[in-house]
Amino acid sequence: MKLNLLALAALTLAALPLAGAHAVTATPGETCAQDLRAIAPFLLENDTGARQHLEQKGQAYFDLALATAATSAAGAVDGQACDAILENYARTWRKGHLHVKPGSALDIAKPAPARPAASGPAAPSKAPALQILSDSTVLLTLPSFHGSYRAAMASLLDTHRAALSARPNWILDVRRNGGGSDSTYAPLLSWISSDEIVTMGAEWLSTPANIDGQEKVCALLAPGDQACAAFASQAVAQMRSVKPGQYVPQQSGGTISYTRVDTPEPRRPARVAVLVDRDCASSCEEFLLAARQSFHVKLIGRNSYGALDYSNMRLHILPSGQRHLQYATSRSARLPQMQVDLGGIMPDIYLPPPKDEAGRAEEVLRVQRWLEGGTLRPDNI
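Everything quoted here is computed from the prediction, not taken from an experiment. (Residues numbered from 1 in each chain as written. Predicted model: local features only at pLDDT ≥ 70, side-chain atom pairs only at ≥ 80, totals over all residues. Heavy atoms only, no water.)

Undergrad: An account of the environment of V242 is requested, with residue identities and associated values reported.
TA: Summarising the element assignment, V242 is placed in the loop between helix 11 (226-240) and strand 7 (247-249). Measuring from C-alpha to C-alpha, the distance between V242 and S206 comes to 7.1 Å, with 36 residues separating the pair along the chain. Each residue touching V242, except ones within four places of it in the same chain, is listed here: S206, Y247 and V248. (Helix = DSSP H or I, 4+ residues; strand = E, 2+ residues; numbered from the N terminus. Contact = heavy atoms within 4.5 Å.)

Here it is, written out as structure tokens:
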């Protein structure tokens, strides 16, 4: 399919004068239109999913999406309205791992201002938590795999080793887990895996913008994080090993690995139920792909979100300097044979969505009863 790159480039060039002499007097609508016109050409050159999305959905779909967004952008009354318009346009390309957010490079890099204590109940913690449900069942609630919880996860498993080893049934609750870092859930795999995990890795798209994004990402988002710096440095080295526009495996050994758990736990659970819902995304979905390879694991609940095929988001400042694009610089080696983004990861056992928080809490009790030899049937049936 013809990608219409020249037409898109022409639209971008037509917007360039706004970045120069007229930028000072540009209205919010003009600035918004300027940023809008820059998105598609940048994505088609640098985002790992854009060309595939264009082939799947067709040029007419994106022409209409751009025309609709352009009409709205021209009428934007302020920056906040424009942010919403451009974010909505980005979602016409892909529902996850692609965003337009307010803020320049300086805004992103500077520390967030201290917030005064908010009145009312505190937001629920997203740290991993353990609850002993019975002599045979334990519940691990895992609301996030963000890298900031990496140490907390390892500490929880180590501190409660005796209690975990003594219970053959585990419930891992990853509902509403928006992802984070694969390294956060890594300690769990030595408990629940069947010794070997087959992993399809990912490929980097090498472009000047993507290399620049890798070189800057840690200073912007994780200053001082040595793990981030090492990962980004390896990414840059891999990207520089091929010509611009080519893909290269993230690891020099290739895209598929057969990894055995170095030190499996001597007393692992016999039955593991992973409670999942539509809000499990990104690294949470990567966890599901690893966990379900175990002979002892069942996924229970709903399909996951579907935001895993294109990942490792990096930042690109849009022409106005008032907002930036977050886009994907890697794609899974599973593609195109096994696509997660289309519908998410299916559970082994489907449970209809609960109607309220009470129903959500009841799911844990139902799964506990099932693991202990009873039924998944709701109490009121």
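Undergrad: Kindly report on the sheet that holds strand 13 (residues 349-350), identifying the contributing residues and their values.
TA: Within a sheet, each strand pairs with its neighbour through backbone hydrogen bonds, oriented either parallel or antiparallel. Taken in spatial order, the six strands line up as 2-3-4-9-10-13 in an open sheet, and their pairing is mixed. The open sheet has two edge strands with one neighbour each: strand 2 (129-132) and strand 13. Here strand 10 (residues 297-301) pairs with strand 13 via two bridges, running parallel. Bridging from a neighbouring strand, I300 pairs with I349 of strand 13. (Pairing = 2+ DSSP bridges.)

Undergrad: An account of the pattern of salt bridges is requested, with residue identities and associated values reported.
TA: A complete count under the given rule lists 15 salt bridges for this structure. Here the salt bridges do not stand alone but share partners, grouping D173, R175, R302 and E363 into one network. (Salt bridge = Lys/Arg side-chain N within 4 Å of Asp/Glu carboxyl O.)

Undergrad: Describe in detail the pairing of strand 4 (residues 169-173), supporting the description with residues and values.
TA: Across the five residues that make up strand 4, a large majority, five, are buried. Alignment of strand 4 against strand 9 (residues 271-276), held across five bridges, turns out to be parallel. Residue pairing in the sheet places L172 in a bridge with V274 of strand 9. (Buried < 20%, exposed > 50% of the residue type's maximum accessible area, 1.4 Å probe, protein only.)

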